[in-house]
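Descriptive analysis of the structure
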Amino acid sequence: MTTTEWITDIALVLVVFRQLREGRLDLRSFLIPLGIVSFVAYTYLDTIPTAGNDLVLIGALMGAGAVLGIAGGVYTRIRSAGGHLLIKAGLVSAALWVLGMGARMGFQLWVSHGGADDVARFSITHHITSDQAWVAAFVLMALTEVVTRLATIFVRSRITAHLQPAPARNRGRSTLERAA
């Protein structure tokens, strides 16, 4: 693995740890993970192979990313306080995030340290046509996990904001009514 791969993988894992401490849900909460995963996609996603069972592999890993992302978004606490939405990733959310991002990093390490022949045999047996199919599958898995987690958090934040009671108004008579 290159230094850039280590940095981006670790940065993606650390994104959720930043949310283990409750903080304000703002535009940064969405832009930082989207920026990192966009960089990864731009850097590593040259093509999306469609021959053989490449799309099956890609679809399976994207499906896994979607499940992890939605579950991670569901297990992230969102509450309103002082007119602001606050977010805190729970342990389940953090574990799911690390599982998804860590699986990609673990696969890279395994392939580069002796697992390449096993992946090649698996690929031949299951009609996966190139290493680019694996790259596309894992990059799109990460992208899908990030986007579905953020989409789930966004929808839940809108629901939370909508369910908050309106500010209290003067329930008694107005000043003009009392003066009359």
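Residues numbered from 1 in each chain as written. Predicted model: local features only at pLDDT ≥ 70, side-chain atom pairs only at ≥ 80, totals over all residues. Heavy atoms only, no water.

Describing the pairing of strand 3 (residues 84–89)
Pairing of strand 1 (residues 23–24) with strand 3, which is carried by two bridges, proceeds in the antiparallel orientation. Residue pairing in the sheet places R24 in a bridge with L86 of strand 3. Bridge count for strand 2 (residues 76–81) against strand 3 is six bridges, and the pairing is antiparallel. Paired with I78 across the bridge in strand 3 is I87. Adjacent in sequence and paired antiparallel, strand 2 and strand 3 are bridged by two residues, among which G82 carries a positive phi angle near 60°. (Pairing = 2+ DSSP bridges. Helix = DSSP H or I, 4+ residues; strand = E, 2+ residues; numbered from the N terminus.)

What about the packing of aromatic side chains?
One pass over the structure, following the stated rule, counts six aromatic pairs. The interplanar angle of 75° and the centroid separation of 6.2 Å between the aromatic rings of F30 and F154 together place this pair among those described as edge-to-face. With F30 in helix 2 (residues 27–44) and F154 in helix 5 (residues 131–163), the pair connects residues that are 124 residues apart, well separated along the chain. Look at F30 and you get buried, because its relative accessible area is 16%. A relative accessible area of 43% means that F154 is categorised as partly exposed. Both rings, one in F107 and one in W134, keep their centres 5.2 Å apart while their planes meet at 20°; by these two values the pair is stacked. Residue F107 is found in helix 4 (residues 91–125), and its partner W134 is found in helix 5; the two are separated by 27 residues along the sequence. (Phe/Tyr/Trp six-rings, centres within 6.5 Å; stacked < 30°, edge-to-face > 60°. Buried < 20%, exposed > 50% of the residue type's maximum accessible area, 1.4 Å probe, protein only.)

Thoughts on helix 5
Across its 33 residues, helix 5 extends 48 Å between first and last C-alpha, which sits within 8% of the 48 Å expected from 1.5 Å per residue. Of the residues flanking the start of helix 5, the one acting as N-cap is S130, its side-chain oxygen 3.3 Å from the backbone nitrogen of Q132. (Expected span 1.5 Å × (residues − 1). Polar contact = N/O pair within 3.5 Å; in protein donor to acceptor, adjacent residues only side chain to side chain.)

A few points about the nonpolar core
Core analysis: the largest hydrophobic core is formed by 23 residues, its most contacted members being L25, W97, M101, V146 and I153. Contributions of two or more residues to this core are made by helix 1 (3–18), helix 2, strand 3, helix 4 and helix 5. For this core, the leading source of residues is helix 2, giving six residues. Filtering out sequence-adjacent residues up to four positions away, M101 remains in contact with L12, V13, A142, E145 and V146. Listed in part, the 15 residues of the second largest apolar core include I58, L61, V119 and A137. (Core = buried A, V, L, I, M, F, W, Y, C linked by side-chain atoms within 4.5 Å. Contact = heavy atoms within 4.5 Å.)

Concerning the sheet that holds strand 2
Read across the sheet, three strands follow the order 1-3-2 without closing on themselves; strand pairing throughout is antiparallel. Taken across any chain shown, the strands that pair with only one partner, and hence form the sheet edges, are strand 1 and strand 2. The strands touched by helix 5 are strand 2 and strand 3; relative to strand 2, the strand with the most contacts, the crossing angle is about 30°. (Axes fitted to C-alpha atoms, helices over the stretch in contact; angles between N-to-C directions.)

Some points on helix 3 (residues 54–74)
Between its first and last C-alpha, helix 3 extends 30 Å over 21 residues, near the 30 Å set by a 1.5 Å rise per residue. Regarding helix 3, the residues found buried are D54, L57, I58, L61, G65, A66, L68, G69, G72 and G73. Buried residues along helix 3 sit against strand 2, helix 4 and helix 5.

Considering the confidence of the model for the protein chain
Residues at a pLDDT of 70 or more form 91% of the protein chain, whose mean pLDDT is 86. Taken element by element, the predicted model of the protein chain shows its lowest mean pLDDT in helix 6 (residues 175–179) (45) and its highest in helix 3 (96). (pLDDT = per-residue confidence, 0-100.)

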